[in-house]
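Topology and contacts: notes
As a plain string of letters, each chain reads:
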Amino acid sequence: MRASLAGDEWHQRQHSTVRTLLCVYLFVRLTHPIKENFVKKRALITGITGQDGSYLAELLLSKGYEVIGMVRRTSTINFERIKHIQDRLTLVTGDLLDEVSLINLLREHRPQELYNLAAQSFVQTSWAQPVFTGETTALGVTRVLDAVRIVDPSIRFYQASSSEMFGKVQAVPQIESTPFYPRSPYGVAKLYGHWITVNYRESYQLFACSGILFNHESPRRGLEFVTRKIAHGVARIKLGLDSELRLGTLDAQRDWGFAGDYVEAMWLMLQQAQPDDYVVATGETHAVREFCELAFGHVGLDYREYVVMDERFMRPAEVDLLIGDPAKARAQLGWQPKTPFPDLVRSMVDADLKLLKEQQ
Ligand code: NAP
Ligand code: G4F
């Protein structure tokens, strides 16, 4: 009887100790939440000063990421597209041509995600500078991947691949398994970047994804690309600053989407359980001529009165037709484009009209 009472007392004491410890634990958890809950995810973007880099940086900031942007040294600073968010970014110097700079950046900043958007991205220039294009757009990808492998193979990696890899059309619409047939030094370089991404995934088990993105545009597009060239040209003609717009072929067809929609697909790829490759497109195609028709039409003009064909803008080999099927991205990432083609065209013309009026 005495032994059983002592046993009861012992149990009661045990319960009370457990209760006290539980209360202390709950108090500490409530007043000092675990640090991990507050640790921001950190992402590194190469090519942050470009069109896509600026939209991706905005997206990641809105999701609470700490964003590190890699910029290359230039004689004049070129932060036009990111100046509105610059105080929320950490900008660091590095170059795709210099692997040491990439290794040092990863060692110092320890990102969990890396978006490799930097490239010599203008197709026409790739014929004039094929070696430079290969160094940057092809070998640059190996340098970044190798830096990841050396410093921290757990970093999730996104490679900005391109529908230019499909080149000479082998099937319509193009999907992930459509055979590639690039038609420019740029397309060839991107194809190398795509396969080295797949190879590092399979060789070193890196979480490496290749996003095969079709053309995506915005008011932040570089002035040399045809959509922005047309939007800007239309605005200049409308304001009486120019009387004609000189272009190459009007027959080429592209699957044009809005860049702001496409960066979301990049992010989604790195949030999946497994790394994979995805086509990102609208599923619609339009000729350059249709872009002209809509853009000029938006300000009440007829493109046929202003557009002049100019041999200088013809390419040694052309990609005649691109149209992607984003079914895999829709099914697995839950991604779909939100911006209709006519809205995209009109928004680009309106933005250039506004810009030029502000400059007047
Ligand atoms: P973009 O506006 O031309 O931007 C390219 C970026 O790369 C710029 O920030 C540029 O820096 C940087 N860069 C170039 N060479 C570099 C080097 N050696 N080291 C470090 N940075 C360097 O291109 P985007 O339209 O945003 O496209 C982003 C990526 O997606 C590119 O890789 C492009 O090829 C690919 N892509 C684009 C599309 C599209 O339709 N936009 C479609 C498929 C794939 P600076 O500002 O100093 O020049
Ligand atoms: O706007 P573009 O220069 O884009 P392109 O060559 O399709 O490449 C873009 O999209 C790729 C994805 O497929 C990206 F990987 C690449 O980085 C880049 O962003 O030319 C579009 C079409 C071409 O057929 C071109 O020959 O427009 C035709 N075009 C006709 N006149 C012109 C012009 N292109 C340019 N840039 N300038 C012209 O005067």
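The following refers to the structure shown.

What counts as what
- Residues numbered from 1 in each chain as written.
- Chains lettered and ligands numbered in written order.
- Predicted model: local features only at pLDDT ≥ 70, side-chain atom pairs only at ≥ 80, totals over all residues.
- Heavy atoms only, no water.
- Phe/Tyr/Trp six-rings, centres within 6.5 Å; stacked < 30°, edge-to-face > 60°.
- Helix = DSSP H or I, 4+ residues; strand = E, 2+ residues; numbered from the N terminus.
- Buried < 20%, exposed > 50% of the residue type's maximum accessible area, 1.4 Å probe, protein only.
- Near = heavy atom within 4 Å.
- Polar contact = N/O pair within 3.5 Å; in protein donor to acceptor, adjacent residues only side chain to side chain.
- Areas by Shrake-Rupley, 256 points an atom, 1.4 Å probe, with all protein chains shown as cover.
- Nonpolar A, V, L, I, M, F, W, Y, C, P; charged D, E, K, R; others polar.

1. A short note on the packing of aromatic side chains
In this structure the tally under the stated criterion is 12 aromatic pairs. Taking the centre distance of 5.9 Å and the plane angle of 35° together, the rings of Phe166 and Phe214 count as tilted. Remark: Phe214 occurs in the loop between strand 6 (208-213) and strand 7 (216-217) and Phe166 occurs in the loop between strand 5 (156-162) and helix 6 (185-204); sequence separation between them is 48 residues. Judged by relative accessible area, which is 1%, Phe214 ranks as buried. Seen in terms of ring centroids, Phe180 and Trp195 are 6.4 Å apart; in terms of plane orientation they differ by 80°. Their pairing is edge-to-face.

2. Some remarks on unusual backbone geometry
Across the junction of Val172 and Pro173, the peptide omega takes the value -10°, indicating a cis bond. Residue placement: Pro173 occurs in the loop between strand 5 and helix 6. Even without being a glycine, Arg110 presents a positive backbone phi close to 45°. Secondary-structure assignment places Arg110 in the loop between helix 3 (99-109) and strand 4 (113-116). One non-glycine residue, Gln205, lies in the positive phi region at around 55°. Relative accessible area serves as the criterion here: at 61%, Gln205 is assigned to the exposed category.

3. Here we look at the site of ligand 2
Within the structure, ligand 2 sits among 23 residues, and Ser162, Ser163, Tyr186, Arg315 and Glu318 are positioned closest to it. Here Tyr186 contributes a side-chain N or O atom positioned 2.7 Å from an oxygen atom of ligand 2. For ligand 2, an oxygen atom lies 2.9 Å from a polar atom in the backbone of Val226. Considered on its own, ligand 2 offers 710 Å² of accessible surface; in the complex 96% of this is hidden by protein. The residue makeup of the shell around ligand 2, split by class, is 10 nonpolar, six polar and seven charged.

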